[in-house]
Amino acid sequence: MKVAVLDITGKDTGRKVELSSEVFGIEPNDHAIYLDVKQYLANQRQGTHKSKERGEIAGSTRKIKKQKGTGTARAGSIKSPVFRGGGRIFGPRPRNYSFKLNKNLKRLARKSALSIQAKDSNLVVVEDFNFETPKTKEFVKVLKALDLDNKKALFVLNEENKNVYLSSRNLKKSKVVNATGVNTYNVLNANKVVVAESALEGIQSNLSK
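Participant: I keep staring at the overall build of the protein chain and nothing clicks. Help me out?
Facilitator: Counting its regular elements, the protein chain contains seven helices and six strands. Going from the N terminus to the C terminus, the protein chain shows its helices and strands as β-β-α-α-α-β-α-β-α-β-α-β-α. Viewed in the frame of its principal axes, the protein chain has a C-alpha envelope of about 95 × 40 × 25 Å. Looking at the protein chain as a whole, 39% of its 209 residues qualify as buried. Put simply, 69% of the contacts in the protein chain that link residues at least 6 apart link residues at least 24 apart.

Below is the structure:
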């Protein structure tokens, strides 16, 4: 599959690049995508939720009423879960939600996500670019030139670029990563995936292993 290379003003440079069919042209594996996205979202959870059980509630331990003769159920503690202000039964405890996936499955999921975006013509290749200083205004110009100012966009650069990253950080719908930081969730969550020309080789070499 060949894709035209654009400059940051959105104009066609007249050049085309060949996309590897092993990375951008495979039959997507939906279950691999599901598992990888599930792991990504699970890893975002802090797992610090906690509710108090009856042993952790502050309250008197005296028997609150006599055992018999009240006409209601017997009760021995104000901290019982059946009373308002009592402990919670089987409440949440701090835990780690992360789980393991093997590398081959994660690689398959990323290739599937990229193939979906490429098939739907949501993959854009641009010339390498940089900013002299971090300026959000400059990054917004690039978005408008590529008709992405009102869309979610993922920019993939060959390596970390501090000026470009800082220029995009205030924009909620834009995300900048390097070739090794591409993940399935971010690829599928974007309306357009914008790949720097030099980053293509990095992506293809990482996922063709």
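Participant: Sorry if this is basic, but what is going on with the pairing of strand 5 (residues 174–178) here?
Facilitator: Looking down a regular strand, the side chains alternate between one sheet face and the other. Burial analysis of strand 5 places four of its five residues in the buried class, the great majority of the element. Judged from the five bridges that link them, strand 4 (residues 153–157) and strand 5 form a sheet pairing that is parallel. Paired with V156 across the strands is V177, a residue of strand 5.

Participant: Just to check I follow, could you spell out unusual backbone geometry for this structure?
Facilitator: Within the chain, S121 stands out as a residue other than glycine whose phi angle is a positive 60 degrees. Residue classification places S121 among the exposed residues on the basis of a relative accessible area of 53%. Phi is positive for D147, close to 60 degrees, though the residue is something other than glycine.

Participant: Before we go on, may I ask you to explain the side chain of K79 in this structure?
Facilitator: Among the secondary structure elements, K79 is positioned in the loop between helix 2 (30–44) and helix 3 (103–119). Look at K79: it is buried, it has no salt bridge, and the nearest opposite charge is E56 at 10 Å. Dropping the residues within four chain positions of it, K79 is found in contact with R54, I57, A58, G59, S60, T61, G86 and G87.

Procedures and definitions
- Residue positions are given per chain, counted from 1 along the sequence in the order it is written.
- With the structure being a predicted model, the display of local features is reserved for residues of pLDDT at least 70 and the display and counting of side-chain atom pairs for 80 or more, all residues being used for whole-chain, interface and lining totals.
- Derived side-chain values reflect all non-hydrogen atoms in the structure, with water molecules and hydrogen atoms excluded from consideration.
- Starting at the N terminus, helices and strands are each numbered in turn, a helix being any DSSP run of H or I of at least four residues and a strand any DSSP run of E of at least two.
- Only protein chains enter the area calculation, which uses a 1.4 Å probe; residues under 20% of their type maximum are buried, those over 50% are exposed, and those in between are partly exposed.
- Any pair of residues with heavy atoms lying within 4.5 Å of one another is described as a contacting pair.
- Pairing between strands is defined by DSSP: at least two bridges between them are needed.
- Under the counting rule used here, the positive set is Lys and Arg, the negative set is Asp and Glu, and His together with the chain ends is not counted.
- For salt bridges, the criterion is a side-chain nitrogen of Lys or Arg within 4 Å of an Asp or Glu carboxyl oxygen.

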